[in-house]
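# Structure at a glance
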Amino acid sequence: MKLYDNMIDVTMEALSHSQGKRVAGSSVSAWKCLDNSEFIMQRDAGLELGGAPEPSVNYTCVSTSGKVTEDEILVYGRDISEITGGCGFARVVVLETEDLGEEADTEKAFQAIRNLEFVRYHVFPEGYMVRVSSQSNQEQVRISREALKKGISFASVGAAYIAKYKAVEGVKNVRIIFITESDLVKEILPNADKVDAITKTLTHILDGMPTDCGHCSMKPVCDEVEGMKELHLGKKH
Ligand code: SF4
């Protein structure tokens, strides 16, 4: 799976101009998670991340190219304990997986993608309420005063995400990136639509759409993303 590799490179290139903090996933305890989403009322909120008019974005890239060699959490901008008011927010996930079998075993690849999408929206750290808009790829977070008091950090929340992703079969290593610098969030914001287009095209291909490039609405994506045409046209044979 190399379809997202360019988007991973573009993201990391944008981040390379800023000073980030790296925490190894193995060195931090995961923040306690709940089984279901929790509603934090405004009066109990200590912080809001990515709330309008600040920018916010969320996207996930999958690779088998050795882009993530160990579990890690990267933080660009202020960590939770340093934030005093509203700020931009991005959460980007890069997953290193075993071959999803997309060329040989459609059902396996489909299931793997479904499982990864499920995790994307089903991690519920205590005192950390995530509101997502899958339409616009925005993600806003409300953190309770209680969680702030207990010392919640991006490292501990990131470790909770890592644990959930590692529970999915085939996931080898996970990089969770949190960004609270609004300018940097704005810079990577357009990547989310491109990643979305790749995921949608891949899903359509796995769904068995006809191989007729001349009449296909996915053509702009396939012209741009290395490996997509080969994946689809190769499947035909
Ligand atoms: S390879 Fe051709 S038919 Fe298949 S999704 Fe891409 S443009 Fe469409």
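Counting of residues starts from 1 at the beginning of each chain's written sequence and follows it residue by residue. Local features in this predicted model are restricted to residues of pLDDT 70 or higher, and side-chain atom pairs are both shown and tallied only at a pLDDT of 80 or more, whereas totals for entire chains, interfaces and linings draw on every residue.

### So, the site of the ligand
Taken together, the neighbourhood of the ligand is formed by 13 residues, with C213, C216, M218, C222 and H232 sitting nearest. Strands here mean DSSP runs of E at least two residues long; helices mean DSSP runs of H or I at least four residues long; both are numbered from the N terminus. No other element matches helix α7 (residues 228-236), which puts 4 residues into the shell around the ligand. Just so you know the grouping, Ala, Val, Leu, Ile, Met, Phe, Trp, Tyr, Cys and Pro go in nonpolar, Asp, Glu, Lys and Arg go in charged, and all remaining residues, Gly too, go in polar. Taken together, the residues of the shell around the ligand break down into 7 nonpolar, 3 polar and 3 charged. Note on definitions: a residue is near a molecule or strand provided its C-beta atom, placed from the backbone, lies within 6 Å of it.

### A look at helix α5 (residues 182-206)
Helix length check: α5, at 25 residues, gives a terminal C-alpha distance of 36 Å against a target of 36 Å (1.5 Å per residue), a fit within 8%. At every residue, the bend is computed as the angle between two fitted axes, covering the seven residues ending there and the seven beginning there respectively. When the local axis directions of α5 are compared, the greatest deviation, roughly 30°, occurs at I188, which is followed within four positions by the proline P190. Looking at α5, one finds that the buried residues are L184, V185, I188, N191, A192, V195, I198, T201, L202 and I205. Positive phi appears at G208, one or two residues downstream of α5, with a value of about 90°. The span one expects for a helix is its residue count, reduced by one, times 1.5 Å. Each residue is classed by its C-beta neighbour count within 10 Å, where at least 20 other C-beta atoms makes it buried, 12 or fewer makes it exposed, and intermediate counts make it partly exposed; the C-beta atoms are placed from backbone geometry.

### Topic: unusual backbone geometry
In this chain, A52 is followed by P53 through a cis amide linkage whose omega measures 10°. Within the secondary structure, P53 is located in the loop between β2 (45-49) and β3 (56-63).

### Considering the pairing of strand β5 (residues 89-97)
Along β5, 9 of the 9 residues are buried, which leaves the element largely enclosed by surrounding structure. Sheet topology note: the β3/β5 ladder contains 8 bridges and is parallel. Across the sheet, V57 pairs through a bridge with A90, a residue of β5. Here β5 runs beside strand β8 (residues 171-179); their pairing, made up of 8 bridges, is antiparallel. Residue pairing across strands places V92 opposite I177, the latter belonging to β8. Two strands form a pair only when DSSP identifies at least two bridges running between them.

### Describing the environment of P55
With respect to the helices, strands and loops of the structure, P55 is situated in the loop between β2 and β3. As a C-alpha pair, P55 and Q42 span 13 residues in sequence and 20 Å in three-dimensional space. Dropping the residues within four chain positions of it, P55 is found in contact with G88, S182, V185, K186 and L189. Here, residue contact means that the backbone-derived C-beta atoms of the two residues sit within 7 Å.

### Some points on the confidence of the model for the protein chain
As a per-residue measure, pLDDT reflects the predictor's confidence and takes values from 0 up to 100. When pLDDT is averaged across the protein chain, the result is 91; 97% of the residues are at 70 or more. Strand β4 (residues 72-76) holds the highest mean pLDDT among the elements of the protein chain, 98, whereas α7 holds the lowest, 78.

### Thoughts on the sheet that holds strand β6 (residues 128-133)
Strand order in this open sheet of 3 strands is β2-β7-β6, and the pairing throughout is antiparallel. The open sheet has two free edges, formed respectively by β2 and β6, since each of these has just one partner strand. Averaged over all adjacent pairs, the angle separating strand axes in this sheet is 15°, with direction ignored. Sheet topology places β6 next to strand β7 (residues 138-144); 6 bridges connect them, and they run antiparallel. For every element, the axis is a line fit to its C-alpha atoms; helices are fit only across the contacting stretch, and the angle between N-to-C directions ranges from 0 to 180 degrees.

### Quick word on the packing of helix α1 (residues 5-15) against α5
Orientation of α1 relative to α5, taken along the N-to-C sense of each, is 175°, at an axis distance of 10 Å. The angle between the axes of α1 and α5 places the two elements in the roughly antiparallel class. Contacts between α1 and α5 involve M7, V10, T11 and A14 from the first element and L184, E187, I188, N191, K194 and V195 from the second. A per-class count over the contact of α1 with α5 returns 6 nonpolar, 2 polar and 2 charged. Geometric relationships in this document are graded by angle, where less than 35 degrees denotes roughly parallel, more than 145 denotes roughly antiparallel, 65 to 115 denotes roughly perpendicular, and other angles denote oblique.

### Some remarks on the sheet that holds β5
With mixed pairing, the 5 strands of this open sheet are ordered in space as β1-β4-β8-β5-β3. Because the sheet does not close on itself, it has two edges, and the strands there are β1 (20-24) and β3. Direction aside, neighbouring strands of the sheet carry axes that sit 15° apart on average. Set on the sheet, α5 makes contact with β3, β4, β5 and β8; between it and β3 the angle comes to about 55°.

### What to know about the environment of I83
One can find I83 in the loop between β4 and β5. For the pair I83 and T180, spaced 97 residues apart in sequence, the C-alpha separation works out to 8.8 Å. Not counting chain neighbours up to four residues away, the residues in contact with I83 comprise L47, R78 and T180.

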